[in-house]
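Structure assessment
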6 protein chains.
Amino acid sequence: MTAPPPLYPLLYEPLVRRALEEDLGRAGDLTTDAVVPLAARGEARVVARADGRIAGLPAALSAFRLLDPEVEIDLRSADGRDAAGGETLAVVRGPLRPILSAERTALNLLGRLSGVATATRGIVRAIEAEVGPEAGAGRARVVCTRKTTPGLRALEKHAVRCGGGANHRFGLDDAVLVKDNHRAVAGGVAEAVRRVRAHVGHLVKVEVEVDTLEELDAALAAGVDAVLLDNMSLDQLAEAVRRARRATPRPVTEASGGITPDTAPRIAATGVDLLSVGWITHSAPALDVALDLS
Amino acid sequence: MTAPPPLYPLLYEPLVRRALEEDLGRAGDLTTDAVVPLAARGEARVVARADGRIAGLPAALSAFRLLDPEVEIDLRSADGRDAAGGETLAVVRGPLRPILSAERTALNLLGRLSGVATATRGIVRAIEAEVGPEAGAGRARVVCTRKTTPGLRALEKHAVRCGGGANHRFGLDDAVLVKDNHRAVAGGVAEAVRRVRAHVGHLVKVEVEVDTLEELDAALAAGVDAVLLDNMSLDQLAEAVRRARRATPRPVTEASGGITPDTAPRIAATGVDLLSVGWITHSAPALDVALDLS
Amino acid sequence: MTAPPPLYPLLYEPLVRRALEEDLGRAGDLTTDAVVPLAARGEARVVARADGRIAGLPAALSAFRLLDPEVEIDLRSADGRDAAGGETLAVVRGPLRPILSAERTALNLLGRLSGVATATRGIVRAIEAEVGPEAGAGRARVVCTRKTTPGLRALEKHAVRCGGGANHRFGLDDAVLVKDNHRAVAGGVAEAVRRVRAHVGHLVKVEVEVDTLEELDAALAAGVDAVLLDNMSLDQLAEAVRRARRATPRPVTEASGGITPDTAPRIAATGVDLLSVGWITHSAPALDVALDLS
Amino acid sequence: MTAPPPLYPLLYEPLVRRALEEDLGRAGDLTTDAVVPLAARGEARVVARADGRIAGLPAALSAFRLLDPEVEIDLRSADGRDAAGGETLAVVRGPLRPILSAERTALNLLGRLSGVATATRGIVRAIEAEVGPEAGAGRARVVCTRKTTPGLRALEKHAVRCGGGANHRFGLDDAVLVKDNHRAVAGGVAEAVRRVRAHVGHLVKVEVEVDTLEELDAALAAGVDAVLLDNMSLDQLAEAVRRARRATPRPVTEASGGITPDTAPRIAATGVDLLSVGWITHSAPALDVALDLS
Amino acid sequence: MTAPPPLYPLLYEPLVRRALEEDLGRAGDLTTDAVVPLAARGEARVVARADGRIAGLPAALSAFRLLDPEVEIDLRSADGRDAAGGETLAVVRGPLRPILSAERTALNLLGRLSGVATATRGIVRAIEAEVGPEAGAGRARVVCTRKTTPGLRALEKHAVRCGGGANHRFGLDDAVLVKDNHRAVAGGVAEAVRRVRAHVGHLVKVEVEVDTLEELDAALAAGVDAVLLDNMSLDQLAEAVRRARRATPRPVTEASGGITPDTAPRIAATGVDLLSVGWITHSAPALDVALDLS
Amino acid sequence: MTAPPPLYPLLYEPLVRRALEEDLGRAGDLTTDAVVPLAARGEARVVARADGRIAGLPAALSAFRLLDPEVEIDLRSADGRDAAGGETLAVVRGPLRPILSAERTALNLLGRLSGVATATRGIVRAIEAEVGPEAGAGRARVVCTRKTTPGLRALEKHAVRCGGGANHRFGLDDAVLVKDNHRAVAGGVAEAVRRVRAHVGHLVKVEVEVDTLEELDAALAAGVDAVLLDNMSLDQLAEAVRRARRATPRPVTEASGGITPDTAPRIAATGVDLLSVGWITHSAPALDVALDLS
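Attention here is on the structure that accompanies the text. (Residues numbered from 1 in each chain as written. Chains lettered and ligands numbered in written order. Predicted model: local features only at pLDDT ≥ 70, side-chain atom pairs only at ≥ 80, totals over all residues. Heavy atoms only, no water.)

1. A few points about unusual backbone geometry
A cis geometry characterises the amide bond from Thr-248 of chain B onward to Pro-249 of chain B, with omega recorded as -5°. For Pro-249 of chain B, the position within the fold is in the loop between α9 (234–246) and β10 (252–256). The backbone of Asn-231 of chain A shows a phi angle near 55°, a positive value even though the residue is not glycine. (Helix = DSSP H or I, 4+ residues; strand = E, 2+ residues; numbered from the N terminus.)

Below, the structure written as C-alpha cells:
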C-alpha cells in the first residue's frame, strides 16, 4: 500500500476556514487573548495519544497557518503512515496565541480523519491476517460508501485510502449503482440496466445491487461492470463469486451489509473482490490526538 | 427533559445545500435520472432501523425540499423523541426522482445527529439509573465539549440537547475556560484568572481546569464560576465537591476525562454538577436510519 | 434521442444569481427604473430568432423569478426540442420592470446553451444523413470534451445532451484519460495503465489517447475501456477500429482532432463508436434569441 | 491602441478558483495523481496554436499558482499583444502534477478570452484597412455589448479592449440606454428621456436607441449623449450622422445590428463614431491554445 | 421629489442574512427560546420614536421573513416617506419567537438607513427654505459621496435618494473623477483629462476636482462634464459658477468640503448645481426606531 | 486601559474584500487606471485629520495589500492609541495604482471604527473626569450594545474596546438578557428567570432588564448575574445600587437609556458598575482620516 496522493489546499481550505470561524465566533479566543501575551512565542507538539493510522495531517495543520502565517510547521509524520501512542506527528512553532487558538480546530479534523483511516486499517489488517498481505488473487479490498459526514466527503474518502482501503463512488454522478428501489421502479434488473445504458456516457461504469442469486444471474446476463452482493450468507457469496467468474465480461464482485473486522476475513475468503463497509466513515471513533506545549 | 427549541433553517440550510451539491456533483444522480421516469411519483418512509434518540430530523428532511419544493413532508416524530427500531419518523411524498436523489444526504445527517443524541441519552440514562431521574440535588448533568465535527458544531450541540444533555461552550468566544496551557503561561491559576477578569465583559463566565486539589483551592480562592476537575479519582472528586460546596460563591463542579456509560454513575455519585464527555460528539456511532419506498 | 433529465435549480441558481448581480451592479437597471412605472404589468415572449435546438430554457427563465417571484412563466418549448426562427419558447407575465431588467441575463444564458445544443445537433445530423438516424451498428455518437466555459460545465454538458450528443468526462475526477503527457512521464502506455490500475477505484473507467497504431496495440494489450484515436487519418481510423473489435475486452473507440460537420460523416463511416468534438462547447456561436413585448 | 490596464487578481481569482473546483471535483485529477510521481518536476510552454490577439493571460496562468504556489510563471507575452501560431506565451515550471492538473482550466480561460480579443481585432483591422489606422476623424471604434457569458463580463470586456475595441456599458447601472421597449412604455423618446433625467445622477450618460430618422430627430431634440442607430441602411446611417453632427450638443453616434467584418468598413465609412458588435463576445470562436511539456 | 425605485431582494438579502447570522451566532436567541413558548403568536409594531425620513423599510423587514416565512408583514409606511415620532411603520404578526429574535437585525438596518435619509432631508430642506422647493434654476441638489459603510453602499445610496438627495458615483468604475492626486501624477488637468479620454468608453462621464479658479479654467478648456469645486469660498464659488456657465459645453458644477445644514443654503445660493456631502453617509446618527409588542 | 488583542485577518478579510469589490465594481478604478502609469510607484501617509482614538488600523490597511501584495505598510500608530489631528498613522509604499484605488475602502473602514472608538473614549473620559481614572470602586465602565452596523459587529465591538469601553453581549447566543417583552410573555421576572435556568448551560450568565425598583427586587430575589436598570432617574439608580449591593449574590448593575457624555458622570456617580450606551456604535460620527501622497 502506497500513500494516497496529497490533496490540494484548494479542496480543504474552505472547510478549515469555516471550522476556524465556527470556533472563534465573533469575539475570538477570550481565554488565550486574555492570558497569553501578544509577544509570547512557543513550540508545541501534535501527538497521537493512541496507536493508529494518520490521515488529514496537512489539512489539519493548515488551521494554524490560516489563522497566522507566522506559525511554522515541522512535519514528523504523513498521511497514510502508522503512529504509535505518544508519537509526535508534527511540531508547530511561533506566536503562541494562534497555536492555542487553532488547536481544537486542527485536532478535531485530524482526530476524525485518522479515526476513519484507523478503522479502515483495522478491517484491512483483519483480512490480511487471514489471506496474507499480498494484493492479488484472493485478496479482497476494503471500500467505503457514500455514508460520509456532510461536507467532508472528499476528506473522508482520502482517509479511507490512507487506511489502506479503496474508494467507491464519490457521489451520485461518477458511476451508476442500481439499487433495490431503482430495480423496483424499472421492473427488474434487465430493464434498469437497459435504461442506464441508453442514458450514460461511455466512461461511466455500471454496478447493480442484488439480494439473491436470481437477481445476480439477471445482472450477469446484462453484462454489468460490478455486482453488489447485499446481505448474502457466506455460502451465497461463494456461489455468487463462482457465477461471476464464469461470466463474460467478468464483473467485479462486492460484498456489503454490516461487515465488521470480525466477519470480514471469512467474507473475504469467499473470493469477493471488494468488501464495502459503511461504518468506517459513519461510525468510526476519532483517533485520540493532542497538542502538547513544549 | 423537554425537547430543545427547533433550529431555524437559516442555520442549517447552507450546510444541507453543500451536502447535496457534494453528492450530486456536476452531473446529478445518473442512476435515478436514467431509471426513474420524470413523471413518477411515490411515497417513502424515513425509518429508524435501531432503537435510539432522534435529532436533526427537520434539518435532514430539508434536503428533499431543497432539491425539489414539490416533495411533501409528513412528520411522525420529532427531535428529542425516542424511536424504536422499525419506527417511521417521517413520510415523504411527491416526485420520485428527488426523493431518491436526496435520500443519502438526508440519512447521513439524520444518522449522525441521532447517533450523537443516542450516545448522550445512554450516559444520561446510566446516571439516572443510579441516582434517579429527577433533576436536582445529586443529579449530575451530561455536557458536551468542543470536540465536534468541523462545520457541524451548532447541529451537534443541538443533538446533545436532544439526547438529554446540556451544552458547554459553543466556541472560544462565549465563555472562558482556563486550561493547563493557559495556567502554565500565566504562572498559576490566580494570575490567569486575574488577567481574564481584566479582559472580559461582565456577561462572560469563567471556568478553570484543575488537575489537583491544590489547584482547586487556588481556583476557589479566585472565586471562579466553575471548575473543571480533570482526570481525578473518585475520592479526589468527592473531596473537590466538598471543598467547592464550602466556597463562596459556590462554583459549578464539572468532572472530565474519559467518562463512559460505565464510569459515569459512580462519578455522578460524587456529587459533581456536570460530567463533560467528548466522545458523544467525536466518536458516537451513527444511528441506523433508512428510506423505504412504500 | 429523448430529452435529457432536467437539471435541479440547486445546480444552476447560484450561477443565474451571480449573472443577475453582474448585470444589475450596485444601482440596478437605471433605465427601466426611470422609465417604467412601478405598477406597470405586461407580457413578453421569449422567441427564437433563428432555427435551432433549445437548451437551458428553465435555467434561463429562472432569472425572471429570481429577480421577482411575481413574474409568471408559461413554457411553450422545452430543452431538447427544435425551434424554428420566430417560434415562441415561453411567455413571461407580470410586473414589467423585472421582466425588462432580467431580460439580458436570461437571453445570454439561453442563447449560449442553445448555441451549444444547435452545434451538437449539426454534427449529429450530418452523421445521421450519412449512416441513418438509428442508433446501433455503424452509428457513431457525438461526445463533448472538457473544453467548456469556466463556471458553466454542468450546463454546457447538459446542452450537448440536448443537442443529441453524449457526455465525456465531467471533470478530472470521474474517469481516467491517459494523454500524451502522462504516457511520456510513465514511459509508455503499459506502465501508465499499470499505475492507474493500482490507484483508482473499481468504478472508474480507463481511456487511453493514442496517436499511432503501435500505441493502440499497447493500449489493447493493457485491456483498457476506451481508446481515443487522436488525429488519425481515415485509413488509420478504419484499421484501428478493426484491431479494437478483435480485442478482448473490446474497447470503445473514439476519434478526435478537429472534427467538423463536413468531416464527421466520413469519420463516422470508419466504424468508430464516438466522435469527440471540442468546438461545440468552446466555439459554438450563440443561438439568436430575443424578448418581445406583447 | 495601448494595452488595457491589468486586472487585479481580486476580480478574477474567485472565478478561476471555481473553475478549478469544477474540473477537479471531489477526487482531483485521477490520471495525473496515478501516473505522475509526486516529486516529478517539469517545464511546460503555453503556446498559441493559431494567430491571434492575447487576452486573459495573467488570469489564466493564475490557475497554476492557485493550485500550487510552487509553480513558477515566466511570462513571454502579455494581454493586448498579437501572437503568431506556435508562439510561446508563457513558460510554467515546477511540480509537474499541478501543471498538468490546472492545464485545462488555464487553457479554457485563455482560449475564450483570446478568442474574444481576436474577433474584436478582426473587425478593428477591417475598418482600419478601409479608413486607415489613425484614431481620429472618420475612424470608428468597435464597442461590445452586454451579450457576454454569464459570470465573465468583466473579463470579456477586458478582452474586447485587448482586441482594440472599447467598452459599452458594463451593466444596467452605469449608464442609461433607452431601448425600443422603454420608448414604447413611455410613449415616445422625449418622454422617456424626460423621465430618465428626473431620475439619474449627474455622472450618468444617456443614450437612446432609434430605428428611424424621425426617432433620431426626437432624440437630438432631447439633447442626449449618444444615439444608437439600430439596423439602419448605409444611406440612413449617413444621413443620421449628418443630422447628429448638426445637433447641439453633438451626440456620439453608434451603429448596431448584425455587423460583421465584411460589413463593418462600409458602415464605418458613413462617419458613425462607434460600431457595436454583439458576436465578438457571444459567438467568437476560442483561440486555439495548448500546453506543451518541454 | 418622488420615491426612489424599490430595491430587489436579490441586492439586499445576502446582507440581511449575514446580519441575522451575526446576531444569532451558533446557539440562536437563548433568551427568547427559553422564555417564549414555541406556539406563542403575537403582533408587534415597528415604530419611529422620532421624526424622520424612512429608508430601508422592506430590506429591514425582510429579516423577519428570512428567519421564519410564517411571519406576516403589514406595511404602513414606505421608503421615502416622512414619519412622525410614534408613528407605526409596519405591523408584524405571527410566531412570536422569530419576531423577537429578528428584531434587532431589522431595527439596526432601518435605523441606520433612515438616519441617512433623515440627514439628507435636513440639508435638502435647509436649501429649499432658502431658494424654494421647486427643482429648477437656482435649486441645487444634494449628492452623496463614496464615504459609505463597507458593505452597505447600494443601500446607503438608496437612502440618500429616499432623503431627497441624488447619487454621485456608486464606485470607481462608473464615472471618472480626477482628483488632486491624479492631477499631480499627470502634471495638470489637461493632461489628466487627455489620458482619461484615451481610455474610457463613450458612456462614461468625466468630472474634475479643482481647488482654484486657474484649475477650473483648465478643466473648462478640457471640456469636462462636471467640475468639483473643492473647499472654495462663497465668492470663489460664485465666480466659478459664472465661468462654468459661459463654457461650452456647460459643465455641471458641484461644491464640496465640509458642507453642513447651516452652510448649505448660502452655498446653494451661489448657483452651483450640486452640493456633495460626505457626512450624510459616514456620520449620520441613526433614526430611533423600535419594536413594540401589541 | 491596555490595548485590546488584535483581530485575526480571518475575521475581517472577507469584509474588506467585499468592500473592495463594492468600490471597484466590474471595471475597476477608471480614473487611476487611465491617469497613473502602471509602473508609477509612490508613498502615501494615512493621517488623522482630527484628534481621536484609533481603531481598525490593521483591518483598514489590509485593503491595500488585498488589492496588491506589493504594497508595503509601515505602521506608525496602533489600535487603542490616541492620535492628534495631522498625525501620521501609517505610511504605505509601492505601486501607486493600488494605493489610490484602495484608498477609499481603507479610509471608510478606519474612519468609522475610529469614530466608534473616539465616541467611546469621550464618555469614558467624561466619567474619569468626575470619578478619577483608576478602575475600581466607584469607577463605572462604559459598555456597548447590539445596536451595531449590519456586518460589522465584531469590528465595532473591537472599536469600543479600543476606546476604553467594555463589551456587552456579542449576539443573542452568548448570554441571556431578559427584556421587557420576555418578562411580559413569561408573566414576571421570576418565571422568566426560572425558564431561562432550565434551558441554558452552566457557562451562560443571566441579566434582567428592570424598569422599576419592584422589578429589581424580583430580579435580586431570583439571584441573577446582572441587572439592567433602564431609564431610571438618578435617585432610582442610587437606590437600585444600594439594594443590589445588599443582595447575595451581588449582581452587576448596569444603567441604560439615552446616556450621553453630559449625563454619564452623574449616572456613574450613583455607583452603577456599567453604563451601556447605544449611540457609540449606531450614531458615532466618523473620525476624519485621509491619505496624503508624499
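Still to come is the rest of the account.
2. Focus on the relation of the copies chain F and chain A
After a rotation of 120° and a shift along the axis of 0.0 Å, chain F superposes on chain A with an RMSD of 0.0 Å. When the rotation and shift are considered jointly, the pair of chain copies conforms to a three-fold rotation axis. Residue Pro-14 of chain F, judged by its C-alpha, is the member of chain F lying nearest the rotation axis, at 7.1 Å. (Least-squares fit on C-alpha atoms with pLDDT ≥ 70 in both.)

3. A look at the interface of chain A and chain B
Every contact between the two is made by 62 residues of chain A and, on the other side, 62 residues of chain B. Roughly 5000 Å² is buried in total at the junction of chain A and chain B, and carbon and sulfur atoms are behind 57% of that figure. Here chain A is connected to chain B by 4 salt bridges. Residue Arg-153 of chain A pairs with Asp-23 of chain B through a salt bridge whose shortest N-O separation is 2.5 Å. Every element with two or more residues in the side of chain A that touches chain B is listed here: α1 (9–24), α2 (30–35), α4 (96–131), β7 (176–178), α6 (180–186), α7 (189–197), α11 (279–282) and β12 (289–293) of chain A. Ranked by residues supplied to the side of chain A that touches chain B, first place goes to α4 of chain A with 8 residues. Looking at the side of chain A that touches chain B residue by residue, the classes come out as 30 nonpolar, 16 polar and 16 charged. (Contact = heavy atoms within 4.5 Å. Buried area = accessible area lost by both parts, 1.4 Å probe. Salt bridge = Lys/Arg side-chain N within 4 Å of Asp/Glu carboxyl O. Nonpolar A, V, L, I, M, F, W, Y, C, P; charged D, E, K, R; others polar.)

4. Some words on the sheet that holds strand β5 (residues 88–95) of chain E
All names here are of chain E. In space, the 4 strands of this open sheet follow the order β3-β5-β1-β12, with antiparallel pairing throughout. Sheet topology places β3 (72–75) and β12 (289–293) at the edges, where each strand pairs with a single neighbour. Averaged over neighbouring strand pairs, the angle between their axes works out to 20° when direction is ignored. Sheet topology note: the strand β1 (residues 41–48)/β5 ladder contains 7 bridges and is antiparallel. What sits directly across from Glu-43, in β5, is Arg-93. Across the sheet, helix α3 (residues 57–67) touches β1, β3, β5 and β12, and the angle it forms with β3 is around 160°. (Pairing = 2+ DSSP bridges. Axes fitted to C-alpha atoms, helices over the stretch in contact; angles between N-to-C directions.)

5. As for the packing of aromatic side chains
Per the counting criterion, the structure on display carries 0 aromatic pairs over all chains. When the ring centre of Phe-170 of chain D is taken as origin, the NZ or CZ atom of Lys-157 of chain D, which lies over that ring, is 5.4 Å away. (Phe/Tyr/Trp six-rings, centres within 6.5 Å; stacked < 30°, edge-to-face > 60°. Lys NZ or Arg CZ within 6 Å of the ring centre and 35° of its normal.)

6. Thoughts on the state of the cysteines
Residues and elements named next belong to chain D. Overall, the coordinates contain 0 disulfides over all chains when judged by the stated rule. Between Cys-144, a cysteine without a disulfide, and Cys-162, which holds the nearest cysteine sulfur, the sulfur-to-sulfur distance is 12 Å. Classification of Cys-144 by relative accessible area gives buried; the value is 0%. (Disulfide = S-S within 2.5 Å. Buried < 20%, exposed > 50% of the residue type's maximum accessible area, 1.4 Å probe, protein only.)

7. Observations regarding the side chain of Ser-114 of chain B
Tracing the sequence through the fold places Ser-114 of chain B in helix α4 (residues 96–131). Using a relative accessible area of 0% as the deciding quantity, one classes Ser-114 of chain B as buried.

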